[in-house]
Amino acid sequence: MNLDPKIPSGPLADKWTSYKGNAKLVNPANKRKYTVIVVGTGLAGGSAAATLAELGYNVLCFCFQDSPRRAHSIAAQGGINAAKNYQGDGDSVYRLFYDTIKGGDFRSREANVYRLAEVSRNIIDQCVAQGVPFAREYGGLLANRSFGGAQVSRTFYARGQTGQQLLLGAYQSLERQIAAGKVKMFPRTEMLDLVVKDGKASGIVVRDLVSGKIESHAAHAVVLASGGYGNVFYLSTNAKGSNVTATYRAFKRGAGFGNPCFTQIHPTCIPVSGDYQSKLTLMSESLRNDGRVWAPKSSGDKRSPEQIPEQERDYYLERKYPSYGNLAPRDIASRSAKEACDEGRGVGEHGLGVYLDFRDSIQRLGADTISQRYGNLFQMYERITGEDPYKVPMRIYPAVHYTMGGLWVDYNLESTVPGLFVIGEANFSDHGANRLGASALMQGLADGYFILPYTISNYLAGVSRDPVAASGEAFKEAETAVKDKTAKMLAINGKRTVDSFHKELGKIMWDKCGMARNRAGLTEALAKIPALREEFWQNVRVLGEGESLNQSLEKAGRVADFLEFGELMCADALTREESCGGHFREEYQTEGEAKRDDANFAHAAVWEYQGEGKAPKRHVEPLVYENIKLATRSYK
Amino acid sequence: MKLKLHVWRQKNAKTQGKMVTYDAPNVSPHMSFLEMLDVVNEDLIAKGEEPIAFEHDCREGICGSCSLMINGVAHGPQKATTTCQLHMRTFKDGDEIYIEPWRAKAFPIIKDLVVDRSAFDRIIQAGGYVSVNAGGAQDANCLPVPKDTADQAMDAAQCIGCGACVAACKNASAMLFTSAKVSHLGLLPQGQPERQRRALNMVQQMDKEGFGNCTNQYECEAVCPKEISVRFIARMNRDYLNASICGSGPEKKAGGGED
């Protein structure tokens, strides 16, 4: 497997400029001769589809939701980072780059991250031009807030609905291109396979979720922007429909999968309330600007929070990480919460929770100010829990939120399959072993608006302009395989529901491959998952028919892929014998902090599919640091 | 809690639907409304009956997918709350609950509780954007926007496009949805160049899709999970009137990327 990252030569700060200056172009009259498929309409896919159409390419765009506006980027709450330095507090492109590399625990590629920091500034300009109503100061200029893992205020926001407003900006640009006839939109359509013809990504097989019809589409290049795989854990902050299918099928067609074990557990989510729980709800990281995290000092303390006096509370983040305090990065804040609960100091009915307390900031700033900043989040919390966070501290617990791993891409955002580009959360590129808050929105839009349009043009300039058709052996084979698989799932008619399998898989993953991992647990998971998968194919019950809207069938297909993918994650977690970022191996720690092994693991692990029933092969892309010194991450 | 549910079942767009009654014997007050339906569905599958199809995705009140008439009220009894955020503690033991899809000609039923809301996308296509290509936009702080204006624009921009406003309206009017986008963009300086044509084209498209007119009953505002205000409808009417009188004649279709 060729893992050449194709990083342009020259100094770090000049790489992207020199790339753009040297990239091949497609002349305007020829652009309309190319067709590009974009799968997914979140921040990455939506912005990419709109921008490619604006440039003149023909775009076929797919999403499983009923409208592109509903992609899960919509749920991002807190904000988007950009190195604007509007606050004059010492921010710069270099500092955002450095914070991102360090936040990712030195497991991401320098050149990609620097480019991300560089274009972050254009994103804010573009979004403001589209009419995104970012928060502003009375003077009319843009407001900023702070986020975890940074000592500057560089996060732009639109109340607690930043993702929604950014996505609607991209969605509106996309709709404009649909009206202009440059994008053909396929909502309620799910990608079920990638077609590789003559060694190049040439199209996809999809299922129309309303009619059930399975058909193929051809293109000169395929872009996957299908998001992350957090739902492998069943319970996560992802939307119910978020899945790994598009990227996993691409993996099975030859795309290398990078660092699948790098998952982010978000520290501030509403704790689980019962076994009927269907998803977890995030409380934005921005709350940690004004909320203080604490747990009782003594274990088994069942008093209600207001009865616990100040000296018996442990503000553990402030205690352990005085310079970042409550704004320690996500992986560290999550693990600290787990530690407190493991020590029996957890709060709430099940003891799986800690407090996020606004008492002090309400006293300092007044309830009105807090309400202006976080009103909608407080309201959401109250709706779900029935408790009023203005009076009682919020109870929070970590939950699966984001996946740093994804399909491996080079500097062009191209996977190991030529012509297959992967953007946004679906790729592995920018966040290393841990993503900083407010950086997912930044990456999605950077890829879609400002990076892919250049790199894909560079690729297309070298590809024949002849029209493409969804015909030939490769298309036929892929389509037949999808049809067979669908028919097989409907025919089993066993005893267990799809959800019951998904929940069981999720529990294995959370227990053995969650916030803390160890060799014995991962080995156990690697035995349990194949057995569960086997049972699924014998005993799942999917009712209804293939030729109509069938939500159980949709779920079954996604869970079938999770049942394979979970194994890949555990294999990756087992072979990465170090702790870094969100990947915490209990065997590798010093005084409770992650112990990285740069001598042996300063690389991206990239997995290559070897065929049905065969173990995938592990390759590595060494991470070369030319500009920064690898250091032990310290937030103390 | 024990509940009795009356649910609209309809196999597809072509067949006749009907209300079917189900028992929900083990409902926890901490469940969300959709989690309650999940449990009912698991039981149905166990019995060999096809589960109830309903739309949902983010389950945190922002994607706008969920869409149920609960006892005749869009998104149910709790104010400013989507169905997915509605929790069963709002109901009491022994309650009977009637669950229906959005009812509007412009939102045809696909199956059970799932309707087709693509008309909303087409309204946005008619002009719900600022025509600006990705590229060299000027520095974001070059154009100060008064905080009050930005806040008002955000009040309108919060719309999640769920369609509750249409479902609640006796005329199945989409005025609240359309006016929210017209106002969001019309309030901001970036939206001024296209303000007139946007109002005209979006209203025209709304009519073409078969949505009814507004007769000022404010049912839409009452059920809107984001509490979008009906004053935006008044604002859109002013923009529309202004554009109709002062507008620059028949509308050409907005251009794409061909220039």
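## With respect to the overall build of chain A
Across its full length, chain A holds 17 helices and 21 strands. In terms of overall dimensions, chain A is globule-like: its C-alpha atoms have a radius of gyration of 24 Å, near the 26 Å expected for 636 residues. Seen through its C-alpha atoms, chain A measures out along the principal axes to roughly 75 × 60 × 50 Å. Every one of the 636 residues in chain A was classed for burial, and the buried ones make up 67%. Carbon and sulfur atoms provide 49% of the accessible area of chain A, an area that totals close to 20,500 Å².

## What about the overall build of chain B?
Along chain B, the regular secondary structure elements total 8 helices and 7 strands. Expressed as a percentage of its 259 residues, the buried residues of chain B come to 58%. Here chain B has roughly 10,500 Å² of accessible surface; of this, 50% comes from carbon and sulfur atoms. Each charge class in chain B can be summarised by its mean position, and for the 29 positive and 31 negative side chains these summaries are 4 Å apart.

## Topic: helix α6 (residues 195-208) of chain B
Residue and element names in this part refer to chain B. A rise of 1.5 Å per residue sets the reference length of α6, with its 14 residues, at 20 Å; its end C-alpha atoms lie 20 Å apart and thus fit the reference within 8%. Along α6, the positions that sit buried rather than exposed are Arg198, Ala199, Leu200, Asn201, Met202, Val203, Gln205 and Met206. The secondary structure elements touched by the buried residues of α6 are α2 (118-125), α5 (175-187) and α8 (231-246). One or two residues past the end of α6 sits Gly210, with phi positive at roughly 95 degrees.

## Remarks on the domain arrangement of chain A
Residue and element names in this part refer to chain A. For chain A, the domain assignment lists domain 1 (33-263 + 402-460), domain 2 (266-400) and domain 3 (473-622). Put simply, the middle of domain 1 and the middle of domain 2, counted by C-alpha atoms, are 30 Å apart. At the junction of the two partners, domain 1 supplies 27 residues and domain 2 supplies 25 residues. Across the interface of domain 1 and domain 2, roughly 2,100 Å² is buried in total on both sides, 52% from carbon and sulfur atoms. Among the residues of domain 1 in contact with domain 2, Gln77, Leu235 and Thr237 are the three that bury the most area, contributing 28% of the side total. The interface formed by domain 1 and domain 2 includes 12 residue pairs in polar contact (both at pLDDT 80 or more). Here the side of domain 1 that touches domain 2 is built from residues that sort into 8 nonpolar, 15 polar and 4 charged.

## Quick look at the interface of chain B and chain A
Counting from both sides, the interface comprises 86 residues of chain B and, opposite them, 83 residues of chain A. Carbon and sulfur atoms make up 48% of the area that chain B and chain A hide from each other, which totals about 6,700 Å². Our count for the chain B to chain A interface comes out at 6 salt bridges. For Asp155 of chain B, the salt bridge goes to Arg159 of chain A, with nearest N and O atoms at 2.9 Å. Counting the contacts that link chain B with chain A gives 44 residue pairs in polar contact (both at pLDDT 80 or more). Mapped onto the side of chain B that touches chain A, the elements with two or more residues apiece are α1 (33-46), β6 (109-111), β7 (114-115), α2, α3 (147-157) and α5 of chain B. In terms of residues, the side of chain B that touches chain A owes the most to one element, α3 of chain B, which gives 7 residues. Here the side of chain B that touches chain A is built from residues that sort into 38 nonpolar, 24 polar and 24 charged.

## With respect to the pattern of salt bridges
Residue and element names in this part refer to chain A. The full count for this structure, using the stated rule, is 71 salt bridges over all chains. Close ionic contact of Glu339 with Lys320 constitutes a salt bridge, the shortest N to O distance being 3.0 Å. Pair noted here: Glu339 is in helix α9 (residues 330-342) and Lys320 is in helix α8 (residues 316-320), with a separation of 19 residues, a long-range link. Given the relative accessible area of 31%, Glu339 is considered partly exposed. Residues joined in a network through salt bridges with shared partners are Asp105, Arg107, Arg576, Glu578, Arg596 and Asp598.

## Overview of unusual backbone geometry
Residue and element names in this part refer to chain B. In this structure, His75 takes a positive phi of about 65 degrees despite not being glycine. Mapped onto the fold, His75 is located in the loop between β4 (73-74) and β5 (96-100). Assessed through its relative accessible area of 1%, His75 is described here as buried. In this model, Glu227 sits at a positive phi of 50 degrees, which is unusual for a non-glycine residue. Along the polypeptide, Glu227 turns up in the loop between α7 (219-223) and α8.

## So, the environment of Ser336 of chain A
Residues and elements named next belong to chain A. Inspection of the secondary structure assignment puts Ser336 in helix α9. Taking the C-alpha atoms as reference points, Ser336 and Phe62, 274 residues apart in sequence, are found 40 Å from one another. Setting aside residues up to four positions removed in sequence, Ser336 forms contacts with Tyr316, Leu317, Lys320 and Tyr321. Of note is the side chain of Ser336, whose polar atom sits 3.3 Å from the side chain of Lys320.

## Quick notes on the side chain of Glu554 of chain A
For Glu554 of chain A, the position within the fold is in helix α16 (residues 551-575). Excluding residues within four positions of it along the chain, Glu554 of chain A makes contact with Glu190, Arg207, Leu209 and Leu549 of chain A.

## Side note on the domain arrangement of chain B
All names here are of chain B. If you check the domain split of chain B, you get domain 1 (3-111) and domain 2 (117-131 + 145-246). Averaged C-alpha coordinates put domain 1 and domain 2 at centres separated by 28 Å. With 22 residues of domain 1 at the contact, the number on the domain 2 side is 19 residues. Counting each side, the surface lost to burial between domain 1 and domain 2 is near 1,500 Å², with a carbon and sulfur contribution of 62%. Taken as a group, Ala80, Ala106 and Phe107 account for 32% of the area that domain 1 buries against domain 2, more than any other trio of residues on that side. The interface formed by domain 1 and domain 2 contains 2 salt bridges. One salt bridge connects Arg117 with Glu55, and the closest N-O pair in it is separated by 3.2 Å. In the side of domain 1 that touches domain 2, the residues fall into 11 nonpolar, 7 polar and 4 charged.

## Considerations on the sheet that holds strand β7 (residues 200-208) of chain A
Residue and element names in this part refer to chain A. The antiparallel open sheet is built from 3 strands, whose spatial order is β6-β7-β8. Edge strands, defined here as strands with exactly one partner in the open sheet, are β6 (189-197) and β8 (214-218). Neighbouring strand axes in the sheet, compared pairwise and without regard to direction, differ in orientation by 30 degrees on average.

## Quick word on the nonpolar core
The biggest cluster of nonpolar side chains holds 229 residues, and the ones touching the most others in it are Ile80, Phe134 and Leu420 of chain A together with Phe211 of chain B. The leading source of residues in this core is α16 of chain A, at 12 residues. Listed in part, the 26 residues of the second largest apolar core include Ala24, Val27, Leu37 and Leu68 of chain B.

## Observations concerning the packing of helix α5 (residues 110-130) of chain A against helix α12 (residues 440-460) of chain A
Residue and element names in this part refer to chain A. Where α5 meets α12, the axes come as close as 9 Å, and the angle between the chain directions of the two elements is 100 degrees. The angle between α5 and α12 falls in the class roughly perpendicular. For the pair formed by α5 and α12, the contact residues are Arg115, Leu116, Val119, Ser120, Asn122, Ile123, Gln126, Cys127 and Gln130 on the first element and Met442, Gln443, Leu445, Ala446, Tyr449, Phe450, Ile451 and Thr455 on the second. Along the lines of polarity and charge, the residues of the contact of α5 with α12 split into 10 nonpolar, 6 polar and 1 charged.

Calculation rules
- Residues numbered from 1 in each chain as written.
- Chains lettered and ligands numbered in written order.
- Predicted model: local features only at pLDDT ≥ 70, side-chain atom pairs only at ≥ 80, totals over all residues.
- Heavy atoms only, no water.
- Helix = DSSP H or I, 4+ residues; strand = E, 2+ residues; numbered from the N terminus.
- Rg over C-alpha atoms; globule rule 2.2 N^0.38 Å.
- Buried < 20%, exposed > 50% of the residue type's maximum accessible area, 1.4 Å probe, protein only.
- Areas by Shrake-Rupley, 256 points an atom, 1.4 Å probe, with all protein chains shown as cover.
- Lys, Arg positive; Asp, Glu negative; His and termini not counted.
- Charge placed at Lys NZ, Arg CZ, Asp CG, Glu CD.
- Expected span 1.5 Å × (residues − 1).
- Contact = heavy atoms within 4.5 Å.
- Domains from an automatic or database assignment.
- Buried area = accessible area lost by both parts, 1.4 Å probe.
- Polar contact = N/O pair within 3.5 Å; in protein donor to acceptor, adjacent residues only side chain to side chain.
- Nonpolar A, V, L, I, M, F, W, Y, C, P; charged D, E, K, R; others polar.
- Salt bridge = Lys/Arg side-chain N within 4 Å of Asp/Glu carboxyl O.
- Pairing = 2+ DSSP bridges.
- Axes fitted to C-alpha atoms, helices over the stretch in contact; angles between N-to-C directions.
- Core = buried A, V, L, I, M, F, W, Y, C linked by side-chain atoms within 4.5 Å.
- Parallel < 35°, antiparallel > 145°, perpendicular 65-115°, else oblique.

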